[in-house]
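Analysis of the macromolecular model
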Protein chains: 2
Amino acid sequence: MAITVVGSVAYDTVETPSGRYERKLAGAATYFSLAASFFCDVRVIAVVGEDFGPEQESVFKARNIDTRGIEHTAGKSFFWEGSYLENLNEAQTRNTELNVFASFNPQIPDAYRDSEFLFLANIDPVLQRRVREQMPDVKLVAGDTMNYWINDHRPALLEMLRGLDMLLINDTETRVLGGDTNLVRAARKVMSLGPRFLVVKHGEYGATLFHGGSQNSAEHTFRAPALPLEEVVDPTGAGDSFAGGFFGYIASQKQLTPATFRRAMFFGSVMGSFACERFGTERLQEISRAQIDERFNLFRELTHLD
Amino acid sequence: MAITVVGSVAYDTVETPSGRYERKLAGAATYFSLAASFFCDVRVIAVVGEDFGPEQESVFKARNIDTRGIEHTAGKSFFWEGSYLENLNEAQTRNTELNVFASFNPQIPDAYRDSEFLFLANIDPVLQRRVREQMPDVKLVAGDTMNYWINDHRPALLEMLRGLDMLLINDTETRVLGGDTNLVRAARKVMSLGPRFLVVKHGEYGATLFHGGSQNSAEHTFRAPALPLEEVVDPTGAGDSFAGGFFGYIASQKQLTPATFRRAMFFGSVMGSFACERFGTERLQEISRAQIDERFNLFRELTHLD
């Protein structure tokens, strides 16, 4: 099975307590693709500038990720600069340059059209919706967003949410979007806006999957832990890597049972934990499926009673 | 098996988004005792004033808690006033009156001396140590503390910690006591100060048990979830109730295996979740062991893959 993902392929300059790097290949679609590529075929839709060359392309190729949907255009790729010096759980944005993303009009290559899964990474909800509308026959659509779109582009966001089966956002985003400080009530409100499944990412505390029903019913709620890490080198992309592991595992399964979603939550946590261990995408580029499965078992040990 | 617990039996005035109550029976030893009483015999050491009468006594008696170690003296009981209006995860203290606790010198009744388990709830570490020294033959000693003692009474606290097998504190307390913003490294530092076991309580995100070894070894780390609650009526005493469920379950078991501690973490989370559902100790006074076991199974469902 294949996932088509639309989102940013970008360059990041990041400072964390462990160090600093300049203009490294990054972006939500990059992290998502690398993480998902361990589970299923991945096809990327994005736009890049003249600063994206064979070296960057090879990062995708090494993981057999289909890059035919990456449009090359004049100008510079999307650029983000952020710092985690104050708080490892939340980036402080220093600079964002949309560059080639400012005039992006996503096109779906014909070779992508039989994808059964679609992931709308965090970009302008107008673009997310445009991609969604061009792929009406996918089996399952998941997406991400952020407070900027929730606060300042709400009508477009609400429109986009109606086309989603699953939304993956963090605690704060859930509370803001749901308009309630209580996470369970906020989650229910968010699900009433479209997505049947809501994954709330808690950073170092793991993530919760809500899927309808009453809050006290274990059938409708599942919590996956995060691995307590002795050193968080760089949290950039951890949420996108979680989404890649989560959705990639789902796309790899023939049947979508409650057990599938539970295991998907664990694989999401596993990929998020790897992403934090090195700068940028370094760790995702070097790990193997065997290491992923080994860590999956570690996560099971971490929370299982028996 | 029996636990002796020393700590505050007090009155609280509390305001939460769900409402307000005035001078209700509370205190760390009260919450702890009620929660632990579902698992084992509990014996309390505390001091109360003339405002503590048969009505308050009956709360303990209804759960078969031994109150012979509660000293009655002239004056008023310990009083705390706090608000959760700004943040349900952290109380804002408005007023603390030590009252009869100011000159408390804990005495151990002879009938308590065969207790195999000792819990030192959050009070002055000098008093905690005095009780510890009077019970040198207990099998296991656990305790709690808070930032006030960590910051302003560090030498006495460090002395007390050397006599502990287990410490139960929250994230912030762990980071401050361990002197590290990274939880895993802070936890290791705290364990080097005495306690072989450290339970870090994460509020609405559950709790983590550390017990030596490297951070990535699942044998040495265990995470229990918290139940996502639709309404947190009053978080007062949730941490003490967690401790009561956790230590009470341990005291009820003949053998202390890794599985015992894992189940204890779940029972801690269960009791903490009940405590939040009504004002003060109301919920702990009305639940049954059957409800506790039912919720234990719900927690298992909430995190188990299979």
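Residues numbered from 1 in each chain as written. Chains lettered and ligands numbered in written order. Predicted model: local features only at pLDDT ≥ 70, side-chain atom pairs only at ≥ 80, totals over all residues. Heavy atoms only, no water.

A count of helical and extended segments in chain A gives 11 helices and 13 strands. Its C-alpha atoms give chain A a radius of gyration of 18 Å, within 12% of the compact-globule value 19 Å for 306 residues. Principal-axis analysis of the C-alpha atoms gives chain A an extent of 55 × 40 × 40 Å. For chain A, with 306 residues in total, the buried portion stands at 60%. (Helix = DSSP H or I, 4+ residues; strand = E, 2+ residues; numbered from the N terminus. Rg over C-alpha atoms; globule rule 2.2 N^0.38 Å. Buried < 20%, exposed > 50% of the residue type's maximum accessible area, 1.4 Å probe, protein only.)

The extent of an interface is frequently quoted as the accessible surface area lost upon association of the parts. Contacts between the two partners involve 41 residues from chain B, matched on the other side by 41 residues from chain A. Taking both partners together, chain B and chain A bury about 3,600 Å²; carbon and sulfur atoms supply 50% of that area. Of all residues in chain B, the largest losses of buried area upon contact with chain A belong to Arg223, Glu230 and Leu305 of chain B, amounting jointly to 24% of the total for that side. Joining chain B to chain A, the criterion identifies 6 salt bridges. We note a salt bridge from Arg188 of chain A to Glu230 of chain B, for which the minimum N-O separation is 2.7 Å. Looking at the side of chain B that touches chain A, the elements with two or more residues in it are helix H6 (171–178), helix H7 (183–191), strand S12 (207–210), strand S13 (221–224), helix H9 (258–275) and helix H11 (289–303) of chain B. In terms of residues, the side of chain B that touches chain A owes the most to one element, H11 of chain B, which gives 7 residues. Split into classes, the residues belonging to the side of chain B that touches chain A amount to 18 nonpolar, 9 polar and 14 charged. (Contact = heavy atoms within 4.5 Å. Buried area = accessible area lost by both parts, 1.4 Å probe. Salt bridge = Lys/Arg side-chain N within 4 Å of Asp/Glu carboxyl O. Nonpolar A, V, L, I, M, F, W, Y, C, P; charged D, E, K, R; others polar.)

Once that is clear, we can look at the relation of the copies chain B and chain A. When chain B is fitted to chain A, the best match, at an RMSD of 0.0 Å, comes from turning it 180 degrees and sliding it 0.0 Å along the axis. Each copy turns onto its partner about a two-fold axis. (Least-squares fit on C-alpha atoms with pLDDT ≥ 70 in both.)

Time to look at unusual backbone geometry. Residue and element names in this part refer to chain B. Look at Asn64: it is not a glycine, yet its phi comes out positive at around 55 degrees. For Asn99, which is not a glycine, the phi torsion comes out positive at approximately 50 degrees. Here Asn99 lies in the loop between strand S7 (92–97) and strand S8 (117–120). What makes Asn99 partly exposed here is its relative accessible area of 29%.

The next thing to look at is the environment of Phe242 of chain B. All names here are of chain B. Tracing the backbone through its elements, the reader meets Phe242 in helix H8 (residues 238–252). The buried category is assigned to Phe242, whose relative accessible area is 6%. For Phe242, the contacting residues outside a window of four places in its chain are Leu168, Val199, Lys201, Ala207, Met265, Gly268, Ser269 and Gly272.

This part covers the sheet that holds strand S11 (residues 197–201) of chain A. Residues and elements named next belong to chain A. A sheet is described by the order of its strands in space; here 9 strands give the open sequence S5-S4-S1-S8-S9-S10-S11-S12-S13, paired in mixed fashion. Edge positions in the sheet fall to strand S5 (66–72) and strand S13 (221–224), since each of these pairs with one other strand and no more. Here the strands of the sheet are splayed against their neighbours by 15 degrees on average, with no regard to which way each runs. Here strand S10 (residues 166–170) runs beside S11; their pairing, made up of 5 bridges, is parallel. (Pairing = 2+ DSSP bridges. Axes fitted to C-alpha atoms, helices over the stretch in contact; angles between N-to-C directions.)

Note: α-helices contain 3.6 residues per turn, so residues at a spacing of three or four share the same orientation. Residue and element names in this part refer to chain A. Every buried residue of helix H7 (residues 183–191) is accounted for by Leu183, Val184, Ala186, Ala187, Val190 and Met191. The buried side chains of H7 occupy one side of the element, clustering within an arc of 160 degrees when seen end-on. Summarising the contacts, the buried residues of H7 are in contact with S10, helix H6 (171–178), S11 and strand S12 (207–210). Between a side-chain oxygen at the N-terminus of H7 and the backbone nitrogen of Val184 the separation is 3.0 Å; the capping residue is Asn182. (Arc of directions from axis to C-beta. Polar contact = N/O pair within 3.5 Å; in protein donor to acceptor, adjacent residues only side chain to side chain.)

Another point: the pattern of salt bridges. Taken as a whole and assessed by the stated rule, the structure comprises 40 salt bridges over all chains. A single salt-bridge network, built from bridges that share partners, covers Glu277, Arg278, Arg283, Glu286 and Arg295 of chain A.

All right, on to the confidence of the model for chain A then. Per-chain confidence: chain A averages 94 in pLDDT, with 98% of residues scoring 70 or above. Reported confidence for the predicted complex is 0.87 by ipTM and 0.92 by pTM. (pLDDT = per-residue confidence, 0-100.)

Moving on to the side chain of Ser37 of chain B. The topology assignment puts Ser37 of chain B in the loop between helix H1 (28–36) and strand S4 (41–48). Here Ser37 of chain B is in contact with Val42, Arg63 and Ile65 of chain B, once residues within four sequence places are set aside.

Let us now look at the packing of helix H9 (residues 258–275) of chain A against helix H11 (residues 289–303) of chain A. Residue and element names in this part refer to chain A. Look at H9 against H11: their axes get within 9 Å of each other, and the N-to-C directions meet at 115 degrees. In terms of their interaxial angle, H9 and H11 are classed as roughly perpendicular. Viewed along their axes, H9 and H11 form a crossing whose handedness is right-handed. Contact with H9, carried on its side by Arg263, Phe266, Phe267, Ser269, Val270, Met271, Ser273 and Phe274, involves Arg289, Gln291, Ile292, Asp293, Arg295, Phe296, Phe299, Arg300 and Thr303 of H11 and no other residues of that element. The class makeup of the residues in the contact of H9 with H11 is 8 nonpolar, 4 polar and 5 charged. (Parallel < 35°, antiparallel > 145°, perpendicular 65-115°, else oblique. Left-handed = near helix turned anticlockwise from the far one by under 90°.)

Residue and element names in this part refer to chain B. Within helix H3 (residues 125–134) the residues assigned to the buried category are Pro125, Leu127, Gln128 and Val131. Viewed along the axis of H3, the buried residues span an arc of 160 degrees, placing them on a single side of the element. Buried residues along H3 sit in contact with strand S1 (2–6), S8, helix H4 (147–152) and helix H5 (154–161). Two or three places before Val126, at the opening of H3, Asp124 has a side-chain oxygen 2.9 Å from that residue's backbone nitrogen.

Attention now goes to the sheet that holds strand S2 (residues 10–16) of chain A. All names here are of chain A. Taken in spatial order, the 4 strands make up an open sheet running S3-S2-S6-S7, and their pairing is mixed. For this open sheet the edge positions go to strand S3 (19–26) and strand S7 (92–97), each flanked by a neighbour on one side alone. Put simply, the sheet's adjacent strands are angled 15 degrees from each other on average, direction ignored. Across 6 bridges, S2 lies against S3 in antiparallel orientation. Residue Tyr11 lies in a different strand from S3, and its bridge partner there is Leu25.

Here we take up the pairing of strand S11 (residues 197–201) of chain B. All names here are of chain B. Counting buried residues in S11 gives 5 out of 5 residues, a clear majority hidden from the surface. Residues Phe197, Val199 and Lys201 line one face of S11 and the alternating positions Leu198 and Val200 line the opposite face, and both faces are buried. In the sheet, S11 pairs with S12 via 4 bridges, with the strands oriented antiparallel. For Lys201, the partnering residue across the bridge sits in S12 and is Ala207.

Our next topic: the packing of aromatic side chains. Counted according to the given criterion, the structure contains 35 aromatic pairs over all chains. Ring centres of Phe197 of chain B and Phe261 of chain B lie 4.7 Å apart, and the angle between their planes is 35 degrees; on these two criteria the pair is classed as tilted. Residue Phe197 of chain B is found in strand S11, and its partner Phe261 of chain B is found in helix H9; the two are separated by 64 residues along the sequence. Phe261 of chain B sits in the buried class, given a relative accessible area of 8%. Following the ring pairs from residue to residue traces out a cluster consisting of Phe39, Phe222, Tyr249, Phe266, Phe267, Phe296 and Phe299 of chain A. Across the ring face of Phe79 of chain A, the terminal group of Arg23 of chain A is positioned such that the distance to the ring centre comes to 4.0 Å. (Phe/Tyr/Trp six-rings, centres within 6.5 Å; stacked < 30°, edge-to-face > 60°. Lys NZ or Arg CZ within 6 Å of the ring centre and 35° of its normal.)

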